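Per-entry structural report
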Amino acid sequence: MNGAVRAVVRMGIYAGTKVYFIHEGYQGMVDGGDNIVEAKWENVSSILQVGGTVIGSARCKQFRTHEGRLQAAHNLIKHGISNLCVIGGDGSLTGANLFREEWKGLLEELTEAGKIDKKTAHKYSHLNIVGMVGSIDNDFCGTDMTIGTDSALHRIIEVVDAIMTTAQSHQRTFVLEVMGRHCGYLALVSALACGADWVFIPESPPGEGWEDQMCQKLSENRSRGTRLNIIIVSEGAIDRHGQAISSNTVKDNRAGKKRLNIIIISEGALDCCNKPITSDMIKDLVVRRMGYDTRVTILGHVQRGGTPSAFDRILASRMGVEAVLALLEASPETPACVVSLSGNQAIRVPLMECVQMTMEVQKAMDEGRFDEAVKLRGRSFENNLNTYKCLAHRKSPAHQPDIQFNVAILNVGAPAAGMNAAVRSAVRTCISEGHRMLAVTDGFEGFMKGQIKEIKWGDVGGWTGQGGSLLGTKRTLPVNNLKAVAEQLRLHNISALLLIGGFEAYLGILELLAGRAKYDEFCIPMVMVPATVSNNVPGSDFSIGADTALNAITDTCDRIKQSASGTKRRVFIIETMGGYCGYLASMSGLSAGADVSYIFEEKFDIHELQCNVEHLTEKMKTSVQRGLVLRNECCSENYTTDFIYQLYNEEGKGVFDCRKNVLGHMQQARWNLLKG
């Protein structure tokens, strides 16, 4: 939320408007006084990395009354405020829309009571509302992601990673209950990200006989050598009859229920008989049926806290800017809107249209129309659910086709977090469709040497959280050894080729494509999945690994800035990876709150460098006496990291001192987070 607050304040000031903080949410609006204060540029410095919200938030019963809203309107008029940016959930946004609809009547009442004059009422005759959804549940229709969801997922995955070490050591089963209220997004995506054995969510309750199916799945995984099981339960999971599930009801439903291994449970899960599905219930089932040592972990409010992820900071910043633009462009006829994420774009959607869609989801679940509820959640939710089912549960032979193809998979280029998760997904999808998957080790170099062998369903178990490339990867391109590659394709009867990698993989496919004129073996389907921290592959907004690298840079910048908290007047020069692509430098500049980012795509000269030094010199006169400068490793041949460091150090002498950090390969060598 703080990223959104910062963006609104600075964009508003940049556009020449006055911006006000309203502390403690609607309660502060009703109480007025010191709760409504003008915001300055420096007020929002160093809040990007802070969780929660620096302006506070509170539930307000008074605002639900007409008298409370009348008092709130009076307090806004006192400060000349007629534009509101509200960051909250569907309840907060619905309240804001009601406030807007009543605004004209509220001003008339204030005029009649003599609290404002007619001229003032006319001047502020219309209230513009723009909303941003701040919720870890991601339960608001109309947006792909809400502010806070990604950070909550990071907390869950961090806990799962920590639990897996003890679970593997002691061959245990873990049942994890995550938040989400009546939405299973957190449970579903965390199950997908950690490769959970089973997941319970309210939108897709388990059918008849789910206890037997789950226990069979856990048993099969153990028989393949797996030393742990994970079951995830959403707090809002329900059964097929729509009855809510909560941990508080477990004792009443314990007697006929069974439990399982590492399982993620949504808070409100239910089974097919309309009975609550709880963490303890699942544990009892696993212990009774399987005899496995089983533990329950309820994550609770740890999911709400902590440092925001890079994705959330960037999302909030982009939404905040768009919210200010929406307010500046609004007219009395413009309906209240909410700033949403669609694909990779911040868009404006009618507020009440989204609220109505959100209510339709709950209505569908209450009436037992669960397939419709999944579709109403959006295409992303539906795709995640289908992907999880495909990767977690192997199809029986009866569903497999008669014709079987050999598909080869290899990693090409530098390693990137998420490569192994992509391999796992491809292998299991291919096997589910009835085909053979052949793994090639060490990229094209291994391909030429015949390092090719079949890889099976169980071979990729536990790969989702592993960083680097378990298949091995090299930068070698095939152009000088096309004959050897063609020979291996023929020897292994390979019908299709899947490359997972960066720009080298992109070039490799182009070289194989050019080789079709000479070698018929290359006349097969070839697909590339972009996986590179540089995010420089054409045709894709995101590459696997870029998000994890971005988080690594952002975390490092946070720590570097924290190290300077006791040392004033210091500027840090930080070099990022990315080759000739400025994605990492520009996006981490946005997420870490850098003063400037130097990238290859945006040319700069010595005069601009000098202007930036002067800017930091002036900044040192304010209360924020610290600077952060990012440089993409290949942004300029002339202005190297050492040159920029020397320039800043010399020109800033007596005003600030400099420190230099080259982050290097730490941006690649990190465990996968979520986007992989």
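Residues numbered from 1 in each chain as written. Predicted model: local features only at pLDDT ≥ 70, side-chain atom pairs only at ≥ 80, totals over all residues. Heavy atoms only, no water.

1. Overview of the overall build of the protein
Assigned secondary structure in the protein consists of 22 helices and 21 strands. Relative to a compact globule of 676 residues, whose C-alpha radius of gyration would be 26 Å, the protein shows 28 Å and is just as compact. Each principal axis of the C-alpha distribution contributes one length, and for the protein these read about 90 × 70 × 45 Å. Within the protein, the fraction of its 676 residues that count as buried is 55%. A total of about 28,800 Å² of accessible surface is found on the protein, and carbon and sulfur atoms cover 50% of it. Of the charged side chains in the protein, 72 are positive and 74 negative, and the gap between their average positions amounts to 4 Å. (Helix = DSSP H or I, 4+ residues; strand = E, 2+ residues; numbered from the N terminus. Rg over C-alpha atoms; globule rule 2.2 N^0.38 Å. Buried < 20%, exposed > 50% of the residue type's maximum accessible area, 1.4 Å probe, protein only. Areas by Shrake-Rupley, 256 points an atom, 1.4 Å probe, with all protein chains shown as cover. Lys, Arg positive; Asp, Glu negative; His and termini not counted. Charge placed at Lys NZ, Arg CZ, Asp CG, Glu CD.)

2. Section: a negative patch on the surface
Together, Glu67, Glu108, Glu109 and Glu112 give the surface a local cluster of negative charge. Among the elements that make up the negative patch, the one with the highest residue count is helix H4 (residues 90–112) (three residues). For Glu67, the position within the fold is in helix H3 (residues 66–78). Judged by its relative accessible area of 56%, Glu67 is exposed. (Patch = residues over 30% accessible without salt bridge, like charges linked within 9 Å, V, L, I, M, F, W, Y side chains within 5 Å. Salt bridge = Lys/Arg side-chain N within 4 Å of Asp/Glu carboxyl O.)

3. Remarks on the packing of helix H8 (residues 210–223) against helix H10 (residues 279–290)
Contact pair H8 / H10: the axes reach a minimum separation of 11 Å and the direction vectors enclose 65 degrees. For H8 against H10, the interelement crossing comes out right-handed. For the pair H8 and H10, contact is made by Trp210, Glu211, Asp212, Met214, Cys215, Leu218 and Ser219 and by Met281, Ile282, Leu285, Val286, Arg289 and Met290, respectively. In terms of residue class, the contact of H8 with H10 is built from nine nonpolar, one polar and three charged. (Axes fitted to C-alpha atoms, helices over the stretch in contact; angles between N-to-C directions. Left-handed = near helix turned anticlockwise from the far one by under 90°. Contact = heavy atoms within 4.5 Å. Nonpolar A, V, L, I, M, F, W, Y, C, P; charged D, E, K, R; others polar.)

4. Looking at the packing of aromatic side chains
Enumeration according to the criterion identifies 10 aromatic pairs in this entry. On the numbers, 5.2 Å between centres and 80 degrees between planes, the contact of Phe200 with Trp210 is edge-to-face. Residue Phe200 is located in strand E6 (residues 198–200), and its partner Trp210 is located in helix H8; the two are separated by 10 residues in the primary sequence. Overall, the relative accessible area of 1% leaves Phe200 in the buried class. Note on Trp210: relative accessible area 1%, which makes it buried. Through a chain of ring-to-ring contacts, the aromatic side chains of Tyr26, Phe63, Phe99 and Trp103 assemble into a single cluster. (Phe/Tyr/Trp six-rings, centres within 6.5 Å; stacked < 30°, edge-to-face > 60°.)

5. Notes on the nonpolar core
Formed by 52 residues in total, the largest nonpolar core has its most connected members in Met132, Ile230 and Ile232. Counting 43 residues, the second largest nonpolar core, distinct from the first, contains Trp457, Phe572, Leu628 and Leu630. (Core = buried A, V, L, I, M, F, W, Y, C linked by side-chain atoms within 4.5 Å.)

6. Thoughts on the sheet that holds strand E19 (residues 596–598)
Hydrogen bonds between backbone atoms are what pair the strands of a sheet, whose relative direction is either parallel or antiparallel. As summarised here, the arrangement of the four strands in space is E19-E20-E18-E21, forming an open sheet in which the pairing is parallel. Edge positions in the sheet fall to E19 and strand E21 (657–662), since each of these pairs with one other strand and no more. Sheet twist, expressed as the mean angle between neighbouring strand axes with direction ignored, is 20 degrees. The strands touched by helix H21 (residues 606–619) are strand E18 (570–576), E19 and strand E20 (626–632); relative to E20, the strand with the most contacts, the crossing angle is about 155 degrees. (Pairing = 2+ DSSP bridges.)

7. So, the environment of Gln362
Its location among the elements puts Gln362 in helix H12 (residues 351–366). For the pair Gln362 and Glu203, spaced 159 residues apart in the sequence, the C-alpha separation amounts to 9.1 Å.

8. Structural notes on the pattern of salt bridges
Tallied over the full model, the rule gives 25 salt bridges. Between Glu487 and Arg490 there is a salt bridge, with its nearest N and O atoms 2.4 Å apart. A residue pair is termed a helical-turn pair when its members lie 3 or 4 positions apart in one helix, as Glu487 and Arg490 do in helix H17 (residues 482–491) at three residues. The exposure class assigned to Arg490 is partly exposed, which follows from its relative accessible area of 47%.

9. Thoughts on the packing of helix H7 (residues 185–194) against helix H14 (residues 379–392)
For the pair H7 and H14, interaxial distance at closest approach is 10 Å and the crossing angle is 40 degrees. One element, H7, and the other, H14, form an angle in the oblique class. Note on packing geometry: the crossing formed by H7 with H14 is left-handed. Contact with H7, carried on its side by Tyr185, Leu188, Val189, Ala191 and Leu192, involves Phe381, Asn384, Leu385, Thr387, Tyr388 and Leu391 of H14 and no other residues of that element. Across the contact of H7 with H14, the residue classes break down as nine nonpolar, two polar and no charged. (Parallel < 35°, antiparallel > 145°, perpendicular 65-115°, else oblique.)

10. Notes on the sheet that holds strand E3 (residues 83–88)
Pairing within the open sheet is mixed, and its four strands lie in the order E3-E4-E10-E11. At either margin of the open sheet sits one strand with a lone partner, and together these are E3 and strand E11 (345–350). Between one strand and the next, the sheet's axes are offset by a mean angle of 30 degrees, whatever the strand orientation. Lying on the sheet, H12 is in contact with strand E10 (337–342) and E11; it crosses E11 at an angle near 85 degrees.

11. Some remarks on the state of the cysteines
The final tally for this structure, using the stated rule, is zero disulfides. No disulfide involves Cys194; its sulfur sits 17 Å from the nearest other cysteine sulfur, which is in Cys390. (Disulfide = S-S within 2.5 Å.)

12. With respect to unusual backbone geometry
Even without a glycine there, the phi angle at Glu24 is positive, about 65 degrees. The topology assignment puts Glu24 in the loop between strand E1 (20–22) and helix H2 (25–31). Residue classification places Glu24 among the partly exposed positions, given a relative accessible area of 34%. One non-glycine residue, Asn138, adopts positive backbone phi at about 55 degrees. As for its position among the elements, Asn138 is in the loop between strand E4 (128–133) and helix H6 (149–170). Looking at Asn138, the relative accessible area reads 8%, which means it is buried.

13. Considering H8
Side chains of residues three or four places apart in an α-helix project in the same direction, reflecting 3.6 residues per turn. Spanning 14 residues, H8 covers 20 Å between terminal C-alpha atoms, matching the ideal 20 Å at 1.5 Å per step. Listed as buried for H8 are Trp210, Glu211, Met214, Cys215, Lys217, Leu218, Asn221 and Arg222. Each buried residue of H8 sits inside an arc of 155 degrees when the element is viewed along its axis, so together they form one side. Positive backbone phi, at 100 degrees, marks Gly225, one or two positions downstream of H8. (Expected span 1.5 Å × (residues − 1). Arc of directions from axis to C-beta.)

14. As for the pairing of E20
Where burial is concerned, most of E20 is hidden: seven out of the seven residues are buried. As paired elements, E18 and E20 share seven bridges and run parallel to each other. Note that in E20 the partner of Arg570 across the bridge is Arg626. In terms of strand pairing, E19 meets E20 through three bridges, oriented parallel. Bridging from a neighbouring strand, Tyr598 pairs with Arg631 of E20. As a crossover connection, the stretch from E19 through H21 into E20 is right-handed. (Right-handed = clockwise from strand over helix to strand, strands pointing away.)

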